[in-house]
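An overview of the molecular structure
Below, each chain spelled out in residue letters.
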Amino acid sequence: MLDKFITPIIKPLLTPVVMLMHKRGITADQLTVVGFLVGLLAVPLLAFEMWYGALVAIALNRILDGLDGALARYANQSSSAGGFLDITLDFLFYAAIPLGFILANPEQNAIAGSLLLATFIGTGSSFLAFAIAAEKFKLEKPQFKYKSFYYLNGLTEGTETIALFIAFCIWPQHFAVMASIFAIACGITIFTRIHGGYHTLKQQEADANKAAENVPNSANSEVIND
């Protein structure tokens, strides 16, 4: 929900760093892997209740995640392989953070953490499944324009998730409550994506079939006219 407002603010701040990295021969894929490994350090830190150390690892992961995409665009290194690597490691990172809190206090955090992980699977899979179908129809920027409640589409995006992780580290004693509330928000996102995505793709298929039916008719009319 907040990504579209935050991204334009952060992007100019990354440019000088991106230019320096490009001069030093650093690639976007290298940043993606390093950022992921740094992010994974948060798991043992959380398990041993080193909250602020975990917070630093999470923050560094997100900074590097922002830099890798910016570097890829600046250096004209954008690729399907790089995009695949980035999104896959991102989702693994998102899943690792609740796991760290579950390990820290299984008795208190296991149920809420498991619920959050389950909804993360739902938001991630619905996002990626629609992206695959959108590619088939060459939808460059799918906006779910055929669904009735578009404004709910981005209820739990990257910005909200990172804000949640930061809150977890600052107030770890309230993990179960915050995780449960966010899981409900993720559930709303899942529903809106499934509903909106289904009807969007249904309409795209109908339009494609209609266009295909008109092609033979046009060809036949040309033959008759000849």
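These figures come from a predicted structure and were not determined experimentally. (Residues numbered from 1 in each chain as written. Predicted model: local features only at pLDDT ≥ 70, side-chain atom pairs only at ≥ 80, totals over all residues. Heavy atoms only, no water.)

Focus: a nonpolar patch on the surface
A contiguous nonpolar surface patch, about 400 Å² in accessible area, is contributed by Tyr52, Ile166, Ile170 and Trp171. Structurally, Ile170 can be placed in helix H7 (residues 158-170). (Patch = residues over 30% accessible without salt bridge, like charges linked within 9 Å, V, L, I, M, F, W, Y side chains within 5 Å. Areas by Shrake-Rupley, 256 points an atom, 1.4 Å probe, with all protein chains shown as cover. Salt bridge = Lys/Arg side-chain N within 4 Å of Asp/Glu carboxyl O. Helix = DSSP H or I, 4+ residues; strand = E, 2+ residues; numbered from the N terminus.)

Describing the environment of Val43
The topology assignment puts Val43 in helix H3 (residues 42-47). For Val43, a relative accessible area of 14% corresponds to the buried category. Sequence-wise, Val43 and Ile102 are 59 residues apart; in three dimensions their C-alpha atoms are separated by 9.8 Å. (Buried < 20%, exposed > 50% of the residue type's maximum accessible area, 1.4 Å probe, protein only.)

With respect to the packing of helix H4 (residues 51-74) against helix H5 (residues 80-104)
It is at 12 Å that the axes of H4 and H5 come closest, and there the two elements cross at 170°. Considering the angle they form, H4 stands roughly antiparallel to H5. On H5, the residues touching Trp51, Ile58, Asn61, Arg62, Asp65 and Asp68 of H4 are Asp86, Asp90, Phe93, Tyr94, Ile97, Phe101 and Ala104. Grouping the amino acids of the contact of H4 with H5 by side-chain chemistry returns seven nonpolar, one polar and five charged. (Axes fitted to C-alpha atoms, helices over the stretch in contact; angles between N-to-C directions. Parallel < 35°, antiparallel > 145°, perpendicular 65-115°, else oblique. Contact = heavy atoms within 4.5 Å. Nonpolar A, V, L, I, M, F, W, Y, C, P; charged D, E, K, R; others polar.)

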